[in-house]
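# Topology and contacts: notes
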Amino acid sequence: MLPDEVYKRRHYGTPQSILLIVSNFTVFAVLASIFADGKTVNWFFWVGMGLLAIYNILNIRKDREEYNRARIIAYVISVLLMAGMFLMFRAKV
């Protein structure tokens, strides 16, 4: 027989905010490597980024109670990092 404390422990897994940041970087990396690696940016890159933005809005609205101050700051920093990476990829640094 197991003690009662074992059943009271809960592990909720990876927070949705971390999964959102990881999925953002994954989709961005794939889109940038395929559609934004020349002198011009393909229109499908912008369509993909627009769909990613819609996904982010819906995901944040669905899990609004999970986003505290620290997670919002992490999300904003990740978006700024993606913008910086895009500029760096375009500059061919």
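Refer to the structure printed above.
Summary of the structure given here. The structure presented is a predicted model; accordingly, all values stated were derived computationally and were not measured.

Basis of the calculations
Residues numbered from 1 in each chain as written. Predicted model: local features only at pLDDT ≥ 70, side-chain atom pairs only at ≥ 80, totals over all residues. Heavy atoms only, no water. Salt bridge = Lys/Arg side-chain N within 4 Å of Asp/Glu carboxyl O. Buried < 20%, exposed > 50% of the residue type's maximum accessible area, 1.4 Å probe, protein only. Axes fitted to C-alpha atoms, helices over the stretch in contact; angles between N-to-C directions. Helix = DSSP H or I, 4+ residues; strand = E, 2+ residues; numbered from the N terminus. Parallel < 35°, antiparallel > 145°, perpendicular 65-115°, else oblique. Contact = heavy atoms within 4.5 Å. Nonpolar A, V, L, I, M, F, W, Y, C, P; charged D, E, K, R; others polar. Core = buried A, V, L, I, M, F, W, Y, C linked by side-chain atoms within 4.5 Å. Expected span 1.5 Å × (residues − 1). Arc of directions from axis to C-beta.

Looking now at the pattern of salt bridges. Pairs can form between side chains of opposite charge once their charged atoms are near each other. Inspection of every chain in the model, using the stated rule, returns one salt bridge. Where E66 meets R71, a salt bridge forms, and the shortest distance between an N and an O atom there is 3.4 Å. On the basis of relative accessible area, R71 is assigned to the partly exposed category, the value being 28%.

A word on the packing of helix α2 (residues 16-35) against helix α3 (residues 43-62). Two elements in contact, α2 and α3, have axes whose closest approach is 10 Å; the angle formed by their N-to-C orientations is 175°. In terms of axis orientation, α2 runs roughly antiparallel to α3. Contacts from Q16, L20, S23, N24, V27, F28, L31, A32 and F35 in α2 reach F44, F45, G48, M49, L52, Y55, N56, N59 and I60 in α3. Classifying every residue of the contact of α2 with α3 gives twelve nonpolar, six polar and no charged.

This next bit is on the side chain of S17. Turning to its location among the elements, S17 is positioned in helix α2. For S17, a relative accessible area of 3% translates into the label buried. Dropping the residues within four chain positions of it, S17 is found in contact with E66, Y67 and R71.

Now for the nonpolar core. Among the nonpolar cores identified, the biggest contains seven residues, and these are F28, L31, A32, A36, F45, M82 and F86. Only α2 and α4 (69-91) provide two or more residues apiece to this core. Top element by residues in this core is α2. It accounts for three residues. Setting aside its immediate chain neighbours within four residues, A32 contacts D37, F45 and F89.

Let us look at the environment of Y67. Among the structural elements, Y67 can be located in the loop between α3 and α4. Here the alpha-carbon distance between Y67 and L51, two residues 16 residues apart in the chain, equals 21 Å.

Turning to α2, a few remarks are in order. Taking 1.5 Å of rise per residue, the 20 residues of α2 would be expected to cover 28 Å, and the 28 Å separating its terminal C-alpha atoms lies within 8% of that figure. Taken residue by residue, α2 has S17, L20, I21, N24, F28, L31 and A32 as its buried positions. Buried residues of α2, seen end-on, are gathered within an arc of 110° and therefore sit on one face of the element. Taken together, the buried residues of α2 touch α3 and α4.

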